[in-house]
Amino acid sequence: MESHCKHGRSKEAAEIALAVIESGTAVSASTYGVILGGLCGDNCTDEAIALFQKLDATNVKLNIATFNTMINAMYRARRREEANDLFAAIPANGLVPNASTYEIMIKNLLKQGSMEEADQMLSSMEKSGCATTSVLLNDIIRMLLEKGEIVKAGNYLDKVDGKRISLEASTSLLMMSLFSCKGKYQEQIKLLPASFGPPVVAEAGRSLGPPAEVGRTVVVVVVVVVVVVVVVVVVVVVVVVVA
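Residues numbered from 1 in each chain as written. Predicted model: local features only at pLDDT ≥ 70, side-chain atom pairs only at ≥ 80, totals over all residues. Heavy atoms only, no water.

Within an unreviewed UniProt entry, the label attached to the chain reads Pentatricopeptide repeat-containing protein, and the organism entered is Lolium multiflorum. The annotation that UniProt attaches to the chain under Sequence similarities (unreviewed entry) is "Belongs to the PPR family. P subfamily." (UniProt positions renumbered as here; feature names shortened; annotations may be inferred.)

Structure, rendered in structure tokens:
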């Protein structure tokens, strides 16, 4: 069954899995996890959910990674209530949400505009002992800025300490474009924490350079490298011919 998934035949693998379940033959939970992951990866969410429900009815013990895969798939299929119910059912299945579980929930809640629920989920994540990563915090800040939630983005910017949590270049570039003199939210820059006010955004712009400048710099570097390579090849050819 796993080989079917590896070769893009996840639907066939799911059909085999359902037949195996009906026959009562024991199959490892990890195998079912691979099949469910394959179905979700192939956007066969309905088939994945049907198989998952069948496994749940037969008391097959799946791991937290499989639950994470299914929660994310349900959100992508706009089946939010089912995703929330599955998240709530994790403890009843003898499992504990991990950092990936919380990240999936937070990002999907933000995508749907459920800011307060996302805040509560992050709070639950921290209380559970799962540390907030720099990657997750940057993702949250960018998503909020893109939605125009400047005050909420500012609350998360307060968590940036420059040590364990730091701004990624993509976040700095987004802030520069949104809060520059011609930016969409230039007048709202005062809503950001003082440490990320006009001077800091301007300095970020100077250090990173505008996107066009960055692009030109990359082109120049590539051209120089190509020229050097051509010169080296020419020299080698000349040496070989002379020899």
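There is more to say after this.
Asker: Account for the nonpolar core, with residues named and values stated.
Answerer: If you look at the biggest cluster of nonpolar residues, it comprises 56 residues, and the most contacted ones within it are Met70, Ile71, Ile106, Leu145 and Phe179. Here Ile106 is in contact with Ala118, Met121, Leu122, Met125, Leu136 and Ile140, once residues within four sequence places are set aside. (Core = buried A, V, L, I, M, F, W, Y, C linked by side-chain atoms within 4.5 Å. Buried < 20%, exposed > 50% of the residue type's maximum accessible area, 1.4 Å probe, protein only. Contact = heavy atoms within 4.5 Å.)

Asker: Tell me about the confidence of the model for the chain, and name the residues and values.
Answerer: Confidence in the prediction for the chain averages 76 pLDDT; 68% of positions are at 70 or higher. Per-element averaging of pLDDT across the chain places helix α1 (residues 2-6) at the bottom with 44 and helix α7 (residues 99-111) at the top with 94. Below pLDDT 50 for its whole length, residues 204-208 participates in seven contacts with residues either more than four positions away or in separate chains. (pLDDT = per-residue confidence, 0-100. Helix = DSSP H or I, 4+ residues; strand = E, 2+ residues; numbered from the N terminus.)

Asker: So what about the environment of Gly41? Which residues, and what values?
Answerer: By secondary structure assignment, the location of Gly41 is in helix α3 (residues 29-41). You can call Gly41 exposed: its relative accessible area is 56%. C-alpha of Gly41 to C-alpha of Thr69: the two residues are 28 residues apart in sequence and 9.3 Å apart in space.

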